[in-house]
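Given next are the chains, with one letter for each unit.
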Amino acid sequence: MPQQTTEVLTASFADLDARTFHDLLKLRIDVFVVEQNCPYPELDGRDVEPGTRHLWLTDGSAPLAYLRILADPDGVARIGRVVVAPAARGGGHAGRLMTAALDLVGDRPCVLEAQSHLVGLYARHGFAVSGPEYVEDGIPHTPMRRTAGARADDANH
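Reference entry: report on the structure contained in this document.

Here is what the cut-offs are and how they apply
- Residues numbered from 1 in each chain as written.
- Predicted model: local features only at pLDDT ≥ 70, side-chain atom pairs only at ≥ 80, totals over all residues.
- Heavy atoms only, no water.
- Helix = DSSP H or I, 4+ residues; strand = E, 2+ residues; numbered from the N terminus.
- Buried < 20%, exposed > 50% of the residue type's maximum accessible area, 1.4 Å probe, protein only.
- Contact = heavy atoms within 4.5 Å.
- Core = buried A, V, L, I, M, F, W, Y, C linked by side-chain atoms within 4.5 Å.
- Salt bridge = Lys/Arg side-chain N within 4 Å of Asp/Glu carboxyl O.
- Pairing = 2+ DSSP bridges.
- Right-handed = clockwise from strand over helix to strand, strands pointing away.
- Expected span 1.5 Å × (residues − 1).
- Bend = angle between axes of the 7 residues up to and from the residue.
- Polar contact = N/O pair within 3.5 Å; in protein donor to acceptor, adjacent residues only side chain to side chain.

1. Concerning the side chain of Ser 12
Inference 1: Following the sequence through the fold, Ser 12 ends up in the loop between β1 (9-11) and α1 (18-35).
Inference 2: A relative accessible area of 13% places Ser 12 in the buried class.
Inference 3: When sequence neighbours within four positions are dropped, the list of residues in contact with Ser 12 reads Thr 52, Arg 53 and His 54.

Take a look at the structure:
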């Protein structure tokens, strides 16, 4: 496995070794459950689905940023669990992962549930608000959708 942050790493669940999966889950839990104080079932069963792809960046010892792409039953791609380690924030890691994820998604429609303060990040990647804001686990979220063939604003890349 590459030991640098210059390459986005991608794997299905079957291709993840136990240590890597542990480290990715630890990052997700450290941020979503502990930092954001949201006790919820982080292990939702979707990580192991054959169509799920895990993408991450590492510093060689721990993941810096992560997201997953789910294959929803209707053929739409769903991006979720977008997370950046606290010490790595502000380094453009989430944007790099989103670009790589959308390269994998291709021209298929894609959805996500953005924490509302991050709507601008996802808008720069071609997503548009697709429904009203709602509160989940005490955090405002906004549903967003990128239609088939949509492209990010080239000025923002």
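2. Focus: the nonpolar core
Inference 1: Residues Leu 67, Ile 69, Ile 79, Met 98, Leu 112, Tyr 122 and Phe 127 are the most contacted members of the largest nonpolar core, which totals 38 residues.
Inference 2: In terms of residue count, the dominant contributor to this core is helix α2 (residues 93-105) (seven residues).
Inference 3: If we ignore the near neighbours within four places in the chain, the residues touching Met 98 are Leu 67, Ile 79, Val 82, Leu 112, Tyr 122, His 125 and Phe 127.

3. What to know about the pattern of salt bridges
Inference 1: One pass over the structure, following the stated rule, counts 13 salt bridges.
Inference 2: Close ionic contact of Arg 78 with Asp 72 constitutes a salt bridge, the shortest N to O distance being 2.8 Å.
Inference 3: Taking relative accessible area as the criterion, Asp 72 reaches 10% and is therefore assigned buried.

4. Some thoughts on the pairing of strand β3 (residues 63-71)
Inference 1: With eight of its nine residues buried, β3 lies for the most part within the structure.
Inference 2: Taken together, the six bridges between strand β2 (residues 53-58) and β3 define a ladder with antiparallel strand orientation. Residue pairing in the sheet places Thr 58 in a bridge with Pro 63 of β3.
Inference 3: As consecutive antiparallel partners, β2 and β3 are separated by four residues, and within that stretch Gly 60 has a phi angle of approximately 105°, a positive value.
Inference 4: Where β3 lies against strand β4 (residues 77-84), six bridges are found, and the strand directions are antiparallel. Bridge pairing in β4 places Ile 69 opposite Ile 79.
Inference 5: Counting the residues between successive antiparallel strands, the hairpin from β3 to β4 contains five residues, one of them, Gly 75, with a positive phi of roughly 90°.

5. Side note on the pairing of β4
Look at any regular strand and the pattern is simple: side chains alternate between the two faces of the sheet.
Inference 1: The buried fraction of β4 amounts to seven of the eight residues, a majority that puts the element mostly inside the structure.
Inference 2: For the crossover from β4 across α2 to strand β5 (residues 110-115), the handedness is right-handed.

6. Let's talk about α1
Inference 1: Look at α1: 24 Å from first C-alpha to last across 18 residues, which is about the 26 Å you get at 1.5 Å a residue.
Inference 2: Its maximal kink placed at Ile 29, α1 deviates by approximately 30°.
Inference 3: Along α1, the residues classified as buried are Thr 20, Phe 21, Asp 23, Leu 24, Leu 25, Leu 27, Arg 28, Val 31 and Phe 32.
Inference 4: For α1, the capping residue at the N-terminal end is Asp 17, with a side-chain oxygen 3.1 Å from the backbone nitrogen of Arg 19.
Inference 5: One or two residues past the end of α1 sits Asn 37, with phi positive at roughly 50°.

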